[in-house]
Amino acid sequence: MPTAIEAGVAGYEVVQWNAFFVPARTPRVIVIKLSAAIGKVLAQPEMRERLAGEGAEVAGGPAERLSAFVAADYAKWGKVIREAKLHAD
């Protein structure tokens, strides 16, 4: 089966990603502590190797980076949904 690009669909990119989220009003100090703890786990060579073995690219980082990523992904897929006139049943 050809890839999307091989099939002539230019600019096609879909990325599956995972993240940890907390409720919107979680105190900043808790968000920072959780982010640091998760970062320590993701920095462990064994964890990086395990995730890489599953085809994952480890990103990690501050909550602001995730917020920017989610906003961009939301905008991208929102446009696709609107243009395709997709609706949930």
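Structure report, in brief.

Conventions adopted
- Residues numbered from 1 in each chain as written.
- Predicted model: local features only at pLDDT ≥ 70, side-chain atom pairs only at ≥ 80, totals over all residues.
- Heavy atoms only, no water.
- Axes fitted to C-alpha atoms, helices over the stretch in contact; angles between N-to-C directions.
- Helix = DSSP H or I, 4+ residues; strand = E, 2+ residues; numbered from the N terminus.
- Parallel < 35°, antiparallel > 145°, perpendicular 65-115°, else oblique.
- Contact = heavy atoms within 4.5 Å.
- Nonpolar A, V, L, I, M, F, W, Y, C, P; charged D, E, K, R; others polar.
- Salt bridge = Lys/Arg side-chain N within 4 Å of Asp/Glu carboxyl O.
- Buried < 20%, exposed > 50% of the residue type's maximum accessible area, 1.4 Å probe, protein only.
- Phe/Tyr/Trp six-rings, centres within 6.5 Å; stacked < 30°, edge-to-face > 60°.

1. Some points on the packing of helix 1 (residues 28-43) against helix 2 (residues 45-53)
- Interhelical geometry of helix 1 versus helix 2 gives an angle of 75 degrees and a closest axis separation of 5 Å. When the axes of helix 1 and helix 2 are compared, the pair comes out roughly perpendicular. Residues Val41, Leu42 and Ala43 of helix 1 form the contact with helix 2, whose own contacting residues are Pro45, Met47, Arg48 and Leu51.
- Within the contact of helix 1 with helix 2, the residues separate by chemical class into six nonpolar, no polar and one charged.

2. Notes on the pattern of salt bridges
- What the rule picks out here adds up to three salt bridges.
- For Glu64, the salt bridge goes to Arg28, with nearest N and O atoms at 2.5 Å. With a gap of 36 residues between them, Glu64 in helix 3 (residues 63-84) and Arg28 in helix 1 connect regions that are remote in the sequence.
- Residue classification places Arg28 among the partly exposed positions, given a relative accessible area of 46%.
- Ionic pairing is found between Glu54 and Arg50, a salt bridge with its closest N-O pair at 3.9 Å. The pair formed by Glu54 and Arg50 is uniform in burial state, with each residue classed as exposed.

3. As for the packing of aromatic side chains
- In the structure shown here, the tally under the stated rule is two aromatic pairs.
- Between Trp17 and Phe21 the ring centres are 6.4 Å apart and the planes differ by 50 degrees, which places this aromatic pair in the tilted class.
- On the basis of an interplanar angle of 85 degrees and a centroid distance of 5.2 Å, the ring pair of Trp17 and Phe69 is categorised as edge-to-face. A residue pair is termed long-range when its members are at least 10 positions apart, and Trp17 in the segment before helix 1 and Phe69 in helix 3 qualify at 52 residues.
- On the basis of relative accessibility, which here comes to 36%, the residue Phe69 falls in the partly exposed class.
- Clustering of aromatic rings is evident, with ring pairs tying together Trp17, Phe21 and Phe69.

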